[in-house]
Amino acid sequence: MGELQSALDALAAEDLFALPAGAVLDRATLLMTVVNRATAELTRTVRHADATGAAEHDGKKTMPSWLRGHGHLSAGEAGRLVRSGRALEHLPATAAAFAAGTLTASQVAVIAPIAGEAERAAAAEQDVDLGAIDRALVAVAHGEAHDRLAQVVHHYREALDPDGTEPDPTEGRQVQVARHADGRRSIRGELDAVSGEKFEAALESMVQANRPQGDDRTRAQQLADALVQLCDNALASGGLPKLRTVKPQVVLNLDIDDLIDPATGPGAARTGFGGQISAARARWLACDASMSRIVMGPDGVLLDLGRDHRVVTPGLRKAVELRDGHCVFAGCGAPTYWCDVHHLVHWIFGGETSLENSGLLCERHHTKVHHGFRIERDPGGRWRTFRPDGTEILILPSV
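Each residue is numbered by its place in its chain's sequence as written, counting from 1. Local features in a predicted model are, by the rule used here, given only for residues with pLDDT of at least 70; side-chain atom pairs are given and counted only at 80 or more, and totals for whole chains, interfaces and linings are based on all residues. Calculated side-chain values reflect all of the structure's heavy atoms, with hydrogen atoms and water omitted.

Our next topic: the packing of helix α5 (residues 92–100) against helix α8 (residues 130–142). The N-to-C vectors of α5 and α8 enclose an angle of 35°; their axes lie 7 Å apart at closest approach. Along its contact with α5, which presents Pro92, Ala93, Thr94 and Ala97, the element α8 presents Asp134, Arg135, Val138 and His142. Only Asp, Glu, Lys and Arg are considered charged in this grouping, and only Ala, Val, Leu, Ile, Met, Phe, Trp, Tyr, Cys and Pro are considered nonpolar; every other residue, Gly among them, is considered polar. Here the residues of the contact of α5 with α8 sort into four nonpolar, two polar and two charged. To get an axis, a line is fitted to the C-alpha atoms, and for a helix only the part in contact is used. The angle between two axes follows their N-to-C directions and goes from 0 to 180 degrees. Secondary structure is summarised from DSSP: a helix means a run of H or I of at least four residues, a strand means a run of E of at least two, and numbering begins at the N terminus for each. In this analysis, two residues are considered to be in contact whenever any of their non-hydrogen atoms come within 4.5 Å of each other.

So, about the pairing of strand β11 (residues 358–362). A regular strand places its side chains so that they alternate between the two faces of the sheet. Extensive coverage of β11 is indicated by the burial of five of its five residues. Only protein chains enter the accessibility calculation, which uses a 1.4 Å probe. A residue is then buried if its area is under 20% of the maximum for its type, exposed if over 50%, and partly exposed in between. Side chains Ser358, Leu360 and Cys362 project from β11 onto one buried face, and the interleaved Gly359 and Leu361 project onto a second face that is buried too. Note on pairing: two strands pair once DSSP finds at least 2 bridges between them. Here five bridges tie strand β10 (residues 339–343) to β11, and the two strands are oriented antiparallel to one another. The residue bridging His342 from the neighbouring strand is Gly359, located in β11.

What pLDDT conveys is the predictor's confidence in a given residue, as a value from 0 to 100. Summing up the model confidence of the protein chain, the mean pLDDT is 83 and the portion of residues at 70 or higher is 78%. Within the protein chain, strand β8 (residues 302–305) has the poorest average pLDDT of any element, 50, and α5 the best, 97.

Turning our attention to the state of the cysteines. Disulfides are defined as pairs of cysteine sulfur atoms found within 2.5 Å of each other. The tally for this structure, following the rule as stated, stands at zero disulfides. Between Cys339, a free cysteine, and Cys327, which holds the nearest cysteine sulfur, the sulfur-to-sulfur gap is 5.1 Å. Note on Cys362: no disulfide assigned, nearest cysteine sulfur contributed by Cys327 at a separation of 3.9 Å. Judged by its relative accessible area of 6%, Cys362 falls in the buried class.

At a minimum axis distance of 8 Å, the contact between helix α10 (residues 193–209) and helix α11 (residues 219–237) shows a crossing angle of 95°. Judged by the angle between their axes, α10 and α11 are roughly perpendicular. In contact with Phe199, Ala202, Leu203, Glu204, Met206 and Val207 of α10, α11 contributes Arg219, Gln222, Leu223, Ala226, Leu227, Gln229, Leu230 and Asn233. For the contact of α10 with α11, the class distribution of residues is nine nonpolar, three polar and two charged. In this scheme, roughly parallel covers angles under 35 degrees and roughly antiparallel covers those over 145, while 65 to 115 is roughly perpendicular and the rest are oblique.

What follows deals with a nonpolar patch on the surface. Patch membership requires over 30% relative accessible area and the absence of a salt bridge. Like charges are linked within 9 Å, and nonpolar side chains (Val, Leu, Ile, Met, Phe, Trp, Tyr) within 5 Å. Note that accessible areas follow from Shrake-Rupley with a 1.4 Å probe, and for residues the cover is restricted to the protein chains shown. The rule for a salt bridge is simple: a side-chain nitrogen of Lys or Arg has to be within 4 Å of a carboxyl oxygen of Asp or Glu. On the surface, a nonpolar cluster with roughly 660 Å² of combined accessible area is contributed by Met1, Leu4, Leu8, Leu11, Leu30, Leu31 and Val34. Of all the secondary-structure elements, those providing two or more residues to the nonpolar patch are α1 (2–13) and α2 (21–52). Within the secondary structure, Leu8 sits in helix α1. The exposure class of Leu8 is partly exposed, given its relative accessible area of 43%.

Shown next as structure tokens:
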């Protein structure tokens, strides 16, 4: 172990800029093999500790709990490591390739389910040679079709029980939403095949419905924007189930001083689920929203509760939609139901809530306008868009 530590120290001290490109790539190839071999040895060690109850030495009941506490692994990572170790006892070809560094830990985790207790029993009952399947899967993992390994494993497991009970799709579905201190969300989840198809179809419909000129978003950004737009449409339709006694909606709490202050004011507004956003972001959301006045005393006692006031009335919105037809930002054609009604001169600064002072903007371009871009409608009724430096964005006429 000491020699291994010394070798790693020597590698870390090496000047990569002194190496030619080919040598750097050779180094990366070698290190990937070393990482695989080291992970294989870790998996073998964890399996031994799992089988012998070694975690009790440190007061832990199981190896997954020991790995979470001592190795700072997530529950999923710890579970996969232990399951892989157990499976490799029944998969000699996979174990040998892993030890040689030619398989990755993720590939081993994909193959491991074929050696589950139920799968081994089904294979034995049907006279399936698990060793042959093991060798075949290693060949797939090594070959050009390595990216289809999970699909091949899935087909094999399905073939073991072709007439079995159809699983309940709801049992495998899960979505986890982690909320960060600044209000951002991290989303992880898993859907069954049919639910996943519905999800992708819905997102793709949003992506393909509007592809503005000059769109340089990545595929991941397009899908994220599509998911937000789906939520916007569902919330705006008013058809979602009520939360307690009110329709679900985005709720913001913002002091009046922050609302009328033109400064950014980071963390000035609080969302209903506990996030913090800037005053500028809150003013953007307030363009097309309902406002409630709540006056609190210095001791937190409610002094006055005003009625909800809709900044943009349903009638005005219909008029703006009829006039504009889509997002008016240059090069965008997002449909009306994707759009907010933007005040050209913000109402909090004296701008009227009127047809003349309103324009439709999709979420993406509404954000742009509140961060330096500008739209205006000329006397002839044509919308014009200007960059933060004052230059106009011009769209070539269609041919």
